[in-house]
Amino acid sequence: MSILLYIKEIIKGMPTFFRKRLTAPLPERGTFRNWKASVLSLIAYSVGLGNFWRFPYLCFKHKGLTFVIPYIIAMVFIGVPIYFLELALGQYVSLAPTQLFSYMCPALSGIGYGMILIIFAVAIYYNMMMAWSLYYLVASLNTSLNSTKPTLWETGNCTSNADTACHLAASKDYFMHVVLRTSTENITENRCDLRGNIIDQPTENGGDLEAGAIHVEMVFALAAAWFLIFVCLAKGVRNTSKVLIFTVFYPYVIMAFIYVWSVGNQDKGNNNSISSPPCYLLTNFLEINWTHIQTNTSVWIDASAQVIYSLGIAQGGITTIASYNKINQNILRDTIIVCLLDSFTSVYCAYVVFSTSVCMSEKFLKDNENSPYLVFIVFPALVSGIGNGGLWSLLFFIMVLVLGFDTQLMIVETVMTALFDEWHILRQRYVAVIAACCFVLFLLGIPMTMKGGKEIFDMLDSSSTKHSLLLLCLLEVVIVAYIYGYKKFIKIIKAELKVWVPAPLYYFWGLTWLCLTPLSLLVLLGFSFYDENDVRTKRFNNNCDFDFLFYTGLTLSFSVFIIVPLRAGFILLKKWIKDGLKCENMSQIWKATSNFCPEYLRNGRDPDVGNSHLPEGEFTCTGV
């Protein structure tokens, strides 16, 4: 209580303008201005850094189009059905996942809370990549104003711009030693921080930070990243689309420039280019190994996992964004647009990465397997070989920043919407709650700026996209298709959402929701358990010092397996105390409640709105 009083006194001491802005209410939930704003938000959420670093690596691992074909099939039979399902759920009920599943199937309401827990963990570590981008952005500014000055990650040991191995080593050296301040490799030469101070050589144990020491510059970068998120969210969801108009389209322009530069230098045979001669990777990208597709199960597992990760399904984000739609928005059109653009972006990013001809050795990519660090190692090496590299690095890291920023914006919006829908009174202090949430997430991210922060980042990254995410996808499909009823849900889509469902599409949804999608997810979940034995070796090299991180990540990975049954037990106990242990009473917790309906019907029964003439249980909505 003393902390709350202290915060209250701080607010009172602020100038009138800031005090009014901080305590301004936002009582109405609001909707998007139009369908274009909604689609921009969906694109911002689904198209992010995952398309830029994870998909190209998987293309390298499975040899180009050999991976793209299973990816497209997984997108059609897993990605599109679940994406459409989540859009329909969010638009119909207009609530966050926590409330939505509590009304749809009270016994499995833990699904919604599991989604928010997962995306909360993602929000903590994802913004760390934005902090790294800001750090590189400032480093690029130090050289872009002086075209004769090399970028901070360049080294004098590279004899020419075409020496790709040297540039890659120097770039990795800079990222691990200067940005992360932790490295177990020998540093080739002295490195400088943003202020020009020479960083000492790392110790044998790795890194030049003492245990618990904080990388101060990175803390400021992380604070700046969270401040940008706060500023964009403070005015509500209706205004975020103005920011997204720039952030969604800018990366495509920069990637096009990189591709044109790379191809142009290959054609000219410019010896001063890092992209000369053409790399074998681009040739391999266009090859198809049908035997690998037919006999290797790992390519199908990786393709399915990439679809789930890339689209961001089963994390609550799609449902939350759709909850701000108008009731009759065409979600079929939105699904097709976003899924096609996400697939195009993934293939486009992979082709650009391959065409840059940064001839990475196979060992280099395997050493950085499935790692977001590739964005901060490979492309800085690329821009080192371009004329006026400082300007190119500036433009590139602006692209990386906005590519991840709009995704992070929607991630935090999902967390905030869950809070506001659970406790409506918080809307009376909308801006203050947004500020408090961003501040808490910032504090939780500070350990990643310390020595050993890389391991924390790796733990959150791997744990939040594994077993729990697959289980959430599976349970979500089972609830709609089997517990609630496929036919009832299709009636809702037709009658309430006004979506045209022709006969071929009707049978396609039935085939995927009832059979193909849940079976695929079940197989994928089984293989994820099988792979769990190698996680400790891959991430922490069986180092006992990281046992706490390993078991924390393991707990997060299996969090939904704990939350869902605990929530079901709580609902069962609550029903037992209220109505007694009877079969008919127990069966009610598996059925949709009267609040599983459009917002205008719930508001019609709300006495606070003044339209309580509609008694509970009387609706015109179909399927309940």
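As the structure is a computational prediction, the values presented were derived from the model and not from experiment.

Draft legend 1. Broad picture of the overall build of the chain. Within the chain, the secondary structure is distributed over 27 helices and two strands. In the chain, buried positions account for 56% of the 624 residues. Residue pairs at least 24 apart in sequence account for 79% of intrachain contacts in the chain once pairs closer than 6 positions are excluded. With the model as given, the accessible surface of the chain reaches about 26,600 Å², and the carbon-plus-sulfur share is 63%.

Draft legend 2. The arrangement of the nonpolar core in detail. If you look at the biggest cluster of nonpolar residues, it comprises 177 residues, and the most contacted ones within it are Trp132, Ile493, Trp509 and Trp513. It is helix H7 (residues 110-144) that contributes the most residues to this core, 20 residues altogether. What Trp513 contacts, discounting residues up to four positions off in sequence, is Pro81, Ile82, Phe84, Leu85, Val477, Ala481, Tyr482, Tyr486, Phe489, Ile490, Ile493 and Pro518.

Draft legend 3. Structural view of unusual backbone geometry. Within the chain, Ala314 stands out as a residue other than glycine whose phi angle is a positive 65°. You can see Ala314 is positioned in the loop between helix H13 (297-311) and helix H14 (317-322). By relative accessible area, Ala314 is classed as buried at 0%. Positive phi values are uncommon outside glycine, yet Lys498 reaches one of about 60°. If you trace the backbone, Lys498 turns up in the loop between helix H21 (467-495) and helix H22 (503-530). Lys498 gets classed as exposed once you look at its relative accessible area, which sits at 60%.

Draft legend 4. Geometry of the packing of H13 against H22. Orientation of H13 relative to H22, taken along the N-to-C sense of each, is 110°, at an axis distance of 11 Å. On the basis of the axis angle, H13 is roughly perpendicular to H22. Residues Thr297, Ile301, Ser304, Ala305 and Ile308 of H13 form the contact with H22, whose participating residues are Leu521, Leu524 and Phe527. Classifying every residue of the contact of H13 with H22 gives six nonpolar, two polar and no charged.

Draft legend 5. View of the pattern of salt bridges. Considering all chains together, one arrives at three salt bridges under this definition. A salt bridge links Asp421 to Arg427, with the shortest nitrogen-to-oxygen separation between them at 3.7 Å. When its relative accessible area of 2% is taken as the criterion, Asp421 is described as buried. Salt-bridge contacts for Asp458 lead to Lys454; the nearest nitrogen and oxygen are separated by 3.3 Å. Residue Asp458 and its partner Lys454 are located together in helix H20 (residues 453-463), separated by four residues, close to a single helical turn. Across this residue pair, the class does not change: Asp458 and Lys454 are buried.

Draft legend 6. Geometry of a nonpolar patch on the surface. Judged by side-chain polarity, Val523, Phe527 and Tyr530 come together as a nonpolar surface patch covering roughly 350 Å² of accessible area. Within the secondary structure, Phe527 sits in helix H22. Taking relative accessible area as the criterion, Phe527 reaches 37% and is therefore assigned partly exposed.

Draft legend 7. Quick peek at helix H5 (residues 65-93). Between the first and last C-alpha of H5 there are 40 Å, a value that for 29 residues agrees with the 42 Å anticipated at 1.5 Å per step. The sharpest bend along H5 measures roughly 45° and falls at Met75. Burial of H5 is extensive: 23 of the 29 residues sit out of reach of the surface. Phi for Ser94, located one or two positions after H5, is positive at around 60°.

The rules behind the values
- Residues numbered from 1 in each chain as written.
- Predicted model: local features only at pLDDT ≥ 70, side-chain atom pairs only at ≥ 80, totals over all residues.
- Heavy atoms only, no water.
- Helix = DSSP H or I, 4+ residues; strand = E, 2+ residues; numbered from the N terminus.
- Buried < 20%, exposed > 50% of the residue type's maximum accessible area, 1.4 Å probe, protein only.
- Contact = heavy atoms within 4.5 Å.
- Areas by Shrake-Rupley, 256 points an atom, 1.4 Å probe, with all protein chains shown as cover.
- Core = buried A, V, L, I, M, F, W, Y, C linked by side-chain atoms within 4.5 Å.
- Axes fitted to C-alpha atoms, helices over the stretch in contact; angles between N-to-C directions.
- Parallel < 35°, antiparallel > 145°, perpendicular 65-115°, else oblique.
- Nonpolar A, V, L, I, M, F, W, Y, C, P; charged D, E, K, R; others polar.
- Salt bridge = Lys/Arg side-chain N within 4 Å of Asp/Glu carboxyl O.
- Patch = residues over 30% accessible without salt bridge, like charges linked within 9 Å, V, L, I, M, F, W, Y side chains within 5 Å.
- Expected span 1.5 Å × (residues − 1).
- Bend = angle between axes of the 7 residues up to and from the residue.

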